[in-house]
Each structure stands twice: as C-alpha cells, then as structure tokens.
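A look at the structure
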Amino acid sequence: DPQQLRLRAWVNGEIMQDASTAGMIFDCAAQIETLSTAFTLEPGDVIATGTPAGVGMLRTPPVWLAPGDTVKVEVEGIGAIENPVIAEPDDTGLM
C-alpha cells in the first residue's frame, strides 16, 4: 500500500526525518491522476512530492548540509540511497 510506507532520512547517521506516506496531504493515487491529465507518465518517472517534518531550515537552530556530510534516505519496502554532500563548483568550474 503506497499510503502506508515509512519514510526516513539521516544526516551523518543521525535521524532527521521519520514519517509515513499516510500523512501526505494529497495521496499517491490523486497525484498520479492529476499529473496524468497534463502529460503521460512513463515507467521509471519520479514524482517529487515534497518532504515530511524535520527539514533542517525549520529546526532550532537550523541545520544545513555541508561538504563532507552524508545523506541517506529510505522508503520502506523499496530501499535506501546514500549520497555524499560535495562542495559546489565556483564560477571557474573548480571546487
């Protein structure tokens, strides 16, 4: 059931977000229905829906990602992905 999946996010091993798709304002079926009226959804398409409570900028004090941090996100029953945060290149294209 896509409306009963646990979503979690960690930064450097510390849990920052822990929620369920049950708390979504617009459920998965409604989002797919609405989007598919505007364009054709294809296998492999990703629908970005926003984020649950725990966003760093709304914490006291705010928590910002920095080069060297590691972010892991997981959707129950689907899997997890982990990525390093790297420095943004300057206007010369160098780090």
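Let me begin by describing the structure that accompanies this report. Since the structure is predicted, the reported quantities are computational estimates derived from the model, not experimental observations.

The next point concerns the overall build of the chain. Within the chain, the secondary structure is distributed over one helix and four strands. If you list the helices and strands of the chain from N to C, you get β-β-α-β-β. The globule rule puts the C-alpha radius of gyration for 95 residues at 12 Å, and the 16 Å found for the chain is more than 25% above it. For the chain, the C-alpha atoms occupy an extent of roughly 40 × 30 × 25 Å along the three principal directions. A burial count over the chain gives 13% of its 95 residues as buried. Pairs at least 24 apart in sequence give 38% of the contacts found in the chain among residues at least 6 apart. When the accessible surface of the chain is summed, it comes to about 7,300 Å², and 60% of that surface belongs to carbon and sulfur atoms. Separation between the mean location of the 4 positive side-chain charges and that of the 14 negative ones in the chain comes to 13 Å.

Let us look at a nonpolar patch on the surface. Taken together, the side chains of M57, L58 and W64 present a nonpolar region at the surface, about 420 Å² in accessible area. With respect to the secondary-structure elements, W64 resides in the loop between α1 (28–38) and β3 (70–75).

With that settled, consider the sheet that holds strand β4 (residues 79–84). Sheet architecture is open: four strands sit in the order β2-β1-β3-β4, paired in antiparallel fashion. Of all strands in the sheet, those with a lone pairing partner are β2 (14–20) and β4, marking the two edges. Averaged over all pairs of adjacent strands, the angle between strand axes in this sheet comes to 10°, irrespective of strand direction. Pairing between strand β1 (residues 6–11) and β2: six bridges, direction antiparallel. Residue pairing in the sheet places R6 in a bridge with S20 of β2.

Before going further, it helps to spend a moment on the packing of aromatic side chains. Scanning the model with the defined rule gives zero aromatic pairs in all. The ring of W10 carries K72 above its face, with NZ or CZ at 4.9 Å from the centroid.

This part is about unusual backbone geometry. The omega torsion across T60 and P61 is -5°, close enough to zero to call that bond cis. The topology assignment puts P61 in the loop between α1 and β3. Not every positive phi belongs to a glycine, and N12 is a case in point at roughly 55°. When you line up the elements, N12 lands in the loop between β1 and β2. Classification of N12 by relative accessible area gives partly exposed; the value is 45%.

Definitions and limits used
As a convention, each chain's residues are numbered from 1 in the sequence order in which they are written. Whole-chain, interface and lining totals are the exception, using all residues; otherwise, since this is a predicted model, local features are given only for residues with pLDDT of at least 70 and side-chain atom pairs are given and counted only at 80 or more. For side-chain calculations, the full set of non-hydrogen atoms in the structure is used, while hydrogens and water are omitted. Numbered from the N terminus, helices here are DSSP runs of H or I no shorter than four residues, and strands are runs of E no shorter than two. Only the C-alpha atoms count toward the radius of gyration. The rule for a globule is 2.2 Å times the residue count to the power 0.38. The buried label goes to any residue with under 20% of its type's maximum accessible area, the exposed label to any with over 50%, and the partly exposed label to all in between, with areas taken from a 1.4 Å probe on protein chains only. Whether two residues are in contact is decided by their heavy atoms: any pair within 4.5 Å suffices. Reported accessibility uses the Shrake-Rupley method at a 1.4 Å probe radius. Residues are deemed covered only where the shown protein chains occlude them. His is not counted, nor are the chain ends; Lys and Arg add positive charge and Asp and Glu add negative charge. We put the charge of a Lys on NZ, of an Arg on CZ, of an Asp on CG and of a Glu on CD. Without a salt bridge and with relative accessible area above 30%, a residue can belong to a patch; like charges are then joined within 9 Å and nonpolar side chains (Val, Leu, Ile, Met, Phe, Trp, Tyr) within 5 Å. Should a side-chain nitrogen of Lys or Arg be within 4 Å of a carboxyl oxygen of Asp or Glu, the pair is scored as a salt bridge. Should DSSP find at least two bridges between two strands, the strands are regarded as paired. Lines fitted to the C-alpha atoms define the axes, with helices restricted to the stretch that makes contact. Angles between their N-to-C directions range from 0 to 180 degrees. Aromatic pairs are defined between Phe, Tyr and Trp rings, using the six-membered ring for Trp, whenever the two ring centres lie within 6.5 Å; interplanar angles under 30 degrees are classed as stacked, those over 60 as edge-to-face, and all others as tilted. Put simply, a charge is over a ring when the Lys NZ or the Arg CZ is close to the ring centre, within 6 Å, and near the line of the ring normal, within 35 degrees.

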